[in-house]
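Structure assessment
Read off the chains here:
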Amino acid sequence: MHNARSTSVPASRAQSPRSSVSGGHGRAGYCTYFVEVLAFCVLLYLYKVKKLKHVVVVMLLVALLASLTVISVKAVSGMITESIKGNLQLLYPIFYVMLVVMVVSCAFQIKFLNQAMKMFDATQVVPINFVFFTASAIVA
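Now for a description of the structure that goes with this document. Small disclaimer: the values here were computed from a predicted structure and weren't measured.

1. Here's the deal with the overall build of the chain
Per the secondary structure count, the chain includes 5 helices and 0 strands. Per-residue burial over the chain gives 28% buried out of 140 residues. Here the contacts in the chain between residues at least 6 apart in sequence split such that 70% fall between residues at least 24 apart. When the accessible surface of the chain is split by element, carbon and sulfur atoms take 69% of a total near 9,200 Å².

2. Examining the packing of helix α3 (residues 55–84) against helix α5 (residues 122–139)
Each pair of packed helices can be summarised by the angle the axes make with each other and by the distance between the axes. Their axes nearest at 8 Å, the elements α3 and α5 cross at an angle of 35 degrees. Between α3 and α5 the crossing geometry is right-handed. Note on element contacts: α5 touches α3 through Q124, V125, I128, N129, F132, F133, S136 and A137, opposite V55, V56, M59, L60, V62, A63, A66, S67 and V70. Its residues placed into classes, the contact of α3 with α5 shows 13 nonpolar, 4 polar and no charged.

3. Focus: the packing of aromatic side chains
Taken as a whole, this structure holds 3 aromatic pairs when the rule is applied. Both rings, one in F40 and one in F112, keep their centres 6.5 Å apart while their planes meet at 75 degrees; by these two values the pair is edge-to-face. With F40 in helix α2 (residues 27–48) and F112 in helix α4 (residues 93–119), the pair connects residues that are 72 residues apart, well separated along the chain. Judged by centre distance (5.9 Å) and plane angle (75 degrees), the rings of Y47 and F112 are edge-to-face. Here the residue Y47 occupies a position in helix α2, and F112 occupies one in helix α4, the gap between them amounting to 65 residues. Each of the two residues, Y47 as well as F112, counts as buried.

4. Observations regarding α3
The end-to-end C-alpha distance of α3, which contains 30 residues, comes to 42 Å, matching closely the 44 Å that a straight helix rising 1.5 Å per residue would cover. Immediately beyond the C-terminal end of α3, within one or two residues, lies G86, with a positive phi of roughly 115 degrees.

5. Considering a positive patch on the surface
A contiguous patch of positive charge on the surface is contributed by K48, K51, K53 and K111. Within the element layout of this structure, K111 appears in helix α4. A relative accessible area of 34% places K111 in the partly exposed class.

6. Considering the side chain of S136
Take S136: it is sitting in helix α5. Looking at S136, the relative accessible area reads 9%, which means it is buried. Side-chain polar atoms of S136 contact the backbone oxygen of A63, separated by 3.3 Å. If near-sequence neighbours (up to four positions away) are discounted, S136 is found in contact with A63, A66 and S67.

7. Topic: α5
Along its 18 residues, α5 runs 25 Å from first to last C-alpha, staying within 8% of the 26 Å computed at 1.5 Å per residue. Within the sequence span of α5, burial applies to V125, N129 and S136. Angularly, the buried residues of α5 cover 50 degrees about the axis, an arc narrow enough to put them on a single face. Residues T123, F130 and I138 are exposed on α5 and point more than 90 degrees away from its buried face. Contacts from the buried residues of α5 go to α3 and α4.

Here is what the cut-offs are and how they apply
Residues numbered from 1 in each chain as written. Predicted model: local features only at pLDDT ≥ 70, side-chain atom pairs only at ≥ 80, totals over all residues. Heavy atoms only, no water. Helix = DSSP H or I, 4+ residues; strand = E, 2+ residues; numbered from the N terminus. Buried < 20%, exposed > 50% of the residue type's maximum accessible area, 1.4 Å probe, protein only. Contact = heavy atoms within 4.5 Å. Areas by Shrake-Rupley, 256 points an atom, 1.4 Å probe, with all protein chains shown as cover. Axes fitted to C-alpha atoms, helices over the stretch in contact; angles between N-to-C directions. Left-handed = near helix turned anticlockwise from the far one by under 90°. Nonpolar A, V, L, I, M, F, W, Y, C, P; charged D, E, K, R; others polar. Phe/Tyr/Trp six-rings, centres within 6.5 Å; stacked < 30°, edge-to-face > 60°. Expected span 1.5 Å × (residues − 1). Patch = residues over 30% accessible without salt bridge, like charges linked within 9 Å, V, L, I, M, F, W, Y side chains within 5 Å. Salt bridge = Lys/Arg side-chain N within 4 Å of Asp/Glu carboxyl O. Lys, Arg positive; Asp, Glu negative; His and termini not counted. Charge placed at Lys NZ, Arg CZ, Asp CG, Glu CD. Polar contact = N/O pair within 3.5 Å; in protein donor to acceptor, adjacent residues only side chain to side chain. Arc of directions from axis to C-beta.

Structure below.
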């Protein structure tokens, strides 16, 4: 007997984490990623080539990397969860791409944060990092 109040999604309509990472985003999602990558490249150019050493520039680099870290951690954890449930996701290349993105973005986020702590006072870096990280995690 079927319960009319059931809220479960039929298996045919369920979307795996792999499909949501590789093809489930709309045009707006990819535009957001493109804008983030473009902003990161511009800020990195200003920071490295033009030697613009301002706390906001460095912290924006950290925040953009944090956004990538949040996205990749969500994707990797979702794919591991699905694999544990029996829907093996570890066979797909997107899992390993997101795993590499997760590790690299996290490592460079720490690198830029350490640089900011060396260049600026902690009373500047910590509050700005808190605000930028929170905003980037919400946007991600």
